[in-house]
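Secondary and tertiary structure notes
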Amino acid sequence: MDFNMKKLASDAGIFFTRAVQFTEEKFGQAEKTELDAHFENLLARADSTKNWTEKILRQTEVLLQPNPSARVEEFLYEKLDRKVPSRVTNGELLAQYMTEAANELGPETPYGKTLIKVGETEKCLGAAERDFIHSASINFLTPLRNFLEGDWRTISKERRILQNRRLDLDACKARLKKAKAAEAKAALWSDEVDKAEQELRVAQTEFDRQAEVTRLLLEGISSTHVNHLRCLQEFVESQATYYAQCYRHMLDLQKQLGSTQGVIFPGTFVGNTEPASSPLSSASLATAAATIPVVPTVAGIPATGEAAISLDDVAPPASGTRKARVLYDYEAADSSELALLADELITVYSLPGMDPDWLIGERGNRKGKVPVTYLELLS
């Protein structure tokens, strides 16, 4: 009991001494041991890393889960060390609604068939989103959290210890200074000077040791940056894969809907001499296709529909064709299309009556339809 009381009293005395030293420093009434410039730079770099890691982590969580209530629920499950319940994505929920609507309104009707097709694509988009969220959580969010909850807590703890060691050191310096000032007045204070010098030597040793420990931890921030860089690259790859999957799913859906438009709306596209944009085509794609030179009407090739075009009988225009760079690999769906490889250059042009989302592409002696969205048109 006596030992515990003495320890509590000693701790209280140390705390009081540090509080006095800190307060006097704030008011400019006591000297403060300054860290070297390199050490200060390490501290600033560590603080900046911690602050930006927190911001990037929080905003990535918002990106992956915009619903704040869902984020709070996931946070609570993690703190309770329980598995987060599986949650359907917005795309999967929309797919479910579309499928149920089609079954009730008539799956064999044009509207019902289209609802089913779009619903199937939305389901695929939802699954791709789920995979992306899972990958980003494991490969990006988890390492950032581990740094904040592990390495940074250790750094913060050692920095607090270093701060206490510095306050103790400066308090010892102040006591020695006072003892020497008193010694000058009376020789009886020589013992106090010896005691103060001994305390200062001990405090200096403890401060130097703690400064070295803290320095090593702060220098480890460079390794943290390397690790976060690798995680960031994996996050970008996951996001690129996700968007590429979404892009392919939507292109496939666009082609499916485009092939059924003439059946669903037989009076809409027959007899039109002006190319009509698909409802899913963006204005930018239509504009890009409009800048491609159009081959004059060839004898025997009607200009009222793409299905009537005979590629074997079509020659490119003598002038005005354009070069295009292929952005992604494309597998031809049938013999009328031209398979593409990413980064290759092909010659493209348009034909009267063609869907503005498609062009005629030529590579050597091969010729076929190619989707505009897979191309970068060159001037």
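Figured I'd write up the structure that's included with this text. Given the structure is predicted, the values throughout are model-derived calculations rather than measurements. (Residues numbered from 1 in each chain as written. Predicted model: local features only at pLDDT ≥ 70, side-chain atom pairs only at ≥ 80, totals over all residues. Heavy atoms only, no water.)

Turning our eyes to something else, we now look at the overall build of the chain. Secondary structure assignment for the chain yields 8 helices and 5 strands. By the burial criterion, 33% of the 379 residues in the chain qualify as buried. Of the contacts made within the chain by residues no fewer than 6 positions apart, 69% connect residues no fewer than 24 positions apart. Summed over all atoms, the accessible surface of the chain reaches about 23,400 Å², with 57% contributed by carbon and sulfur. (Helix = DSSP H or I, 4+ residues; strand = E, 2+ residues; numbered from the N terminus. Buried < 20%, exposed > 50% of the residue type's maximum accessible area, 1.4 Å probe, protein only. Contact = heavy atoms within 4.5 Å. Areas by Shrake-Rupley, 256 points an atom, 1.4 Å probe, with all protein chains shown as cover.)

Another point: the pattern of salt bridges. Tallied over the entire structure, the rule returns 16 salt bridges. Across the salt bridge formed by Asp-36 and Arg-215, the nearest N and O atoms sit 3.1 Å from each other. Remark: Arg-215 occurs in helix 6 (residues 190-219) and Asp-36 occurs in the loop between helix 1 (2-26) and helix 2 (37-64); sequence separation between them is 179 residues. By relative accessible area, Asp-36 is classed as partly exposed at 36%. A salt bridge links Arg-159 to Asp-47, with the shortest nitrogen-to-oxygen separation between them at 2.7 Å. Taken together, the positions of Arg-159 in helix 5 (residues 110-183) and Asp-47 in helix 2 put the pair 112 residues apart, joining distant regions of the chain. Judged by relative accessible area, Asp-47 falls into the partly exposed class, the value being 28%. (Salt bridge = Lys/Arg side-chain N within 4 Å of Asp/Glu carboxyl O.)

Right, let's get into the side chain of His-228. Relative to the assigned elements, His-228 resides in helix 7 (residues 221-264). Those residues within four positions of His-228 in sequence are excluded, and the remaining contacts are Thr-53, Pro-143, Leu-144 and Phe-147.

With antiparallel pairing, 5 strands are arranged side by side in an open sheet as 4-3-2-1-5. Every other strand in the sheet has two partners, leaving strand 4 (366-371) and strand 5 (375-377) as the edge strands with one partner each. Between one strand axis and the next, the sheet turns by 40° as a mean value, whatever way the strands run. Of the strand pairs in this sheet, strand 2 (residues 345-349) and strand 3 (residues 358-363) are connected by 3 bridges, and their pairing is antiparallel. Counterpart to Thr-347 in the pairing with strand 3 is Glu-362. (Pairing = 2+ DSSP bridges. Axes fitted to C-alpha atoms, helices over the stretch in contact; angles between N-to-C directions.)

A word on helix 4 (residues 90-105). Residue pairs three or four apart in sequence face the same way in an α-helix, which turns once every 3.6 residues. Between its first and last C-alpha atoms helix 4 spans 22 Å; for 16 residues at 1.5 Å apiece the expected length is 22 Å, and the two agree. Taken residue by residue, helix 4 has Gly-91, Glu-92, Ala-95, Met-98 and Ala-102 as its buried positions. The buried side chains of helix 4 occupy one side of the element, clustering within an arc of 120° when seen end-on. More than 90 degrees from the buried face of helix 4, the exposed residues found are Asn-90 and Glu-104. Taken from the residues just after helix 4, Gly-106 is the one with a positive phi, measuring 120°. (Expected span 1.5 Å × (residues − 1). Arc of directions from axis to C-beta.)

Negative phi characterises most residues that are not glycine, and trans characterises most peptide bonds. Located in the positive-phi region is Asp-343, a residue other than glycine, with phi close to 80°. Looking at where Asp-343 falls in the secondary structure, it is placed in the loop between strand 1 (322-326) and strand 2.

Next up on the list: the packing of aromatic side chains. The final tally for this structure, using the stated rule, is 10 aromatic pairs. Considering the side-chain rings of Phe-147 and Trp-152, the 6.4 Å spacing of their centres and the 50° angle between planes classify their relative orientation as tilted. Each member of the pair, Phe-147 together with Trp-152, is buried. Note on Tyr-242 and Tyr-243: the rings are 5.2 Å apart at their centroids and 35° apart in plane angle, and the pair reads as tilted. With relative accessibility at 14%, the residue Tyr-242 sits in the buried group. Three or more aromatic residues joined by ring pairs make a cluster, and in this case those are Phe-132, Phe-140, Phe-235, Tyr-242 and Tyr-243. (Phe/Tyr/Trp six-rings, centres within 6.5 Å; stacked < 30°, edge-to-face > 60°.)

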